[in-house]
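Letter by letter, the chains look like this.
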Amino acid sequence: MAQNRTEMIIPCRDEGECVELVFDEISRVFSESLPDHPWSVLYVDDGSTDDTLPKIKALAEKHGEDKVRYISLARNFGKEAAVFAGLSNARGDYVCLMDADLQHPPALIPEMIQAVESGEYDCAAARRVSRRGEPFIRSALSKGFYGIINFATGIGLVPGMTDFRLMRREVAEAVTSLQERERFLKGIYSWVGFKTKWIEYENVERAAGSTKWSMGGLWSYAKSGYIAFATAPLRGVIYMGMVIVLISLIYGIYVYIQAKTGARVWTDTLTIILLLLFIGGTIITILGVIGEYLARVYMEVKNRPIYIAKEKNFGENS
Ligand code: UDP
Ligand code: MG
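As the structure is a prediction and not an experimental result, all values here were calculated from the model. (Residues numbered from 1 in each chain as written. Chains lettered and ligands numbered in written order. Predicted model: local features only at pLDDT ≥ 70, side-chain atom pairs only at ≥ 80, totals over all residues. Heavy atoms only, no water.)

K.L.:
What am I meant to see in a nonpolar patch on the surface here?
P.N.:
Side chains of Phe278, Ile279, Ile283, Leu287 and Ile290 sit close together on the surface and give an oily, nonpolar patch of about 450 Å² of accessible area. With respect to the element layout, Ile290 can be found in helix α10 (residues 269-302). The class for Ile290 is partly exposed, based on a relative accessible area of 39%. (Patch = residues over 30% accessible without salt bridge, like charges linked within 9 Å, V, L, I, M, F, W, Y side chains within 5 Å. Areas by Shrake-Rupley, 256 points an atom, 1.4 Å probe, with all protein chains shown as cover. Salt bridge = Lys/Arg side-chain N within 4 Å of Asp/Glu carboxyl O. Helix = DSSP H or I, 4+ residues; strand = E, 2+ residues; numbered from the N terminus. Buried < 20%, exposed > 50% of the residue type's maximum accessible area, 1.4 Å probe, protein only.)

K.L.:
Quick question: what am I supposed to make of the pattern of salt bridges here?
P.N.:
Pairing is possible between side chains of opposite charge, provided their charged atoms come close. In total, this model carries 14 salt bridges according to the counting rule given. Here Asp51 ties to Lys55 by a salt bridge, and the two come within 3.1 Å at their closest N and O atoms. Where Arg169 meets Glu173, a salt bridge forms, and the shortest distance between an N and an O atom there is 3.0 Å. In this pair, Arg169 and Glu173 are both assigned in helix α6 (residues 169-177), 4 residues apart and thus about one turn of the helix distant. Arg169 sits in the partly exposed class, given a relative accessible area of 28%.

K.L.:
I would appreciate a short explanation of the environment of Ser33 in the present structure.
P.N.:
You can see Ser33 is positioned in helix α1 (residues 19-33). Taking the relative accessible area as the measure of exposure, Ser33 reaches 43% and is therefore partly exposed.

K.L.:
How should the nonpolar core be read in this particular structure?
P.N.:
General note: in soluble globular proteins, nonpolar side chains tend to be found buried as a group. Within the largest apolar cluster, 36 residues are counted, with the highest numbers of intra-cluster contacts made by Met8, Ile10, Ile26, Val41, Tyr43, Ile109 and Phe164. With near-sequence residues (within four places) excluded, Phe164 lies in contact with Cys96, Leu97, Met98, His104, Pro105, Leu108, Ile109, Met112, Ala124, Ala125 and Ala126. Within the second largest apolar cluster, 28 residues are counted, among which are Ile9, Ala81, Val171 and Val192. (Core = buried A, V, L, I, M, F, W, Y, C linked by side-chain atoms within 4.5 Å. Contact = heavy atoms within 4.5 Å.)

K.L.:
How should I be thinking about the side chain of Thr176 in this particular structure?
P.N.:
With respect to the helices, strands and loops of the structure, Thr176 is situated in helix α6. Thr176 sits in the buried class, given a relative accessible area of 14%. Within the structure, the side chain of Thr176 is placed 3.2 Å from the backbone oxygen of Glu173, a separation counted as a polar contact. Excluding its chain neighbours within four sequence positions, the residues that come into contact with Thr176 are Phe84, Leu87, Ser88 and Arg183. (Polar contact = N/O pair within 3.5 Å; in protein donor to acceptor, adjacent residues only side chain to side chain.)

Below, the structure is given as structure tokens:
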């Protein structure tokens, strides 16, 4: 029986220092633990401005285009788009997503392959159990994010889940069959289903280079994940608006009765001003939420491609 083949997909943005490191590590793990398992790497250069692409090209030159494939995007489209580009161009029976910076320990690959090869699972994904080496505020925010998103959407994200994931080809095809532009992969994995084995590991620090995520970037990532999968914020704000309207009605009746019984003078300008501000604020909040959704709808209906490739070292059907 022919051996199943694994392709490692590695999105890279300014990872010049890591390109070779990660290849060597993967290579070492395969030759030590799975010497007969055929594998290759597909680098997705996500608009790097450093020497990432030349480094990848040199690697392809050295190991052959069968071992090292690459696709270079026309600009920086973001990690989710880079991963999409990788998944759409992947070949092989198993596809494995991995970061370039070795924060996803290649040592887990054999266990992942084993899980999927046994036929019991369709995916094997890594779960980070400790966030050592990460600022406290960041891990606290991340925890809060998972709590809220699971509560609001019910899609069931697993805390600490990473993008380090090996999947059968069918799963990769299911993931790329979702053509939405505002991509939140972690939610997409949960949405497409399939049986996943979770493999735990301790947090590892970056091998070289620096993180490509800023606090602002993480915030917009969390926000897009939330909005892509939840209609709850929209509903929540509408309920809030209804409650406030109800309160102001009750208050209105109360003041009216007071005025009628002579306990109070009706012309309470201050109350009216406060009420106006209050209701005005509510309306603006609601409009803001609707605007968020509208912006998404606008982006989706444009139906733009998720990425644009500039060059690659393989043909359409290889
Ligand atoms: N990455 C990418 N495009 C981007 C940002 C990041 O392809 O716009 C890649 C990056 O090169 C790395 C992976 O995504 O391989 C994870 O990025 P990073 O290590 O900066 O994120 P962190 O581990 O800090 O969450
Ligand atoms: Mg990293």
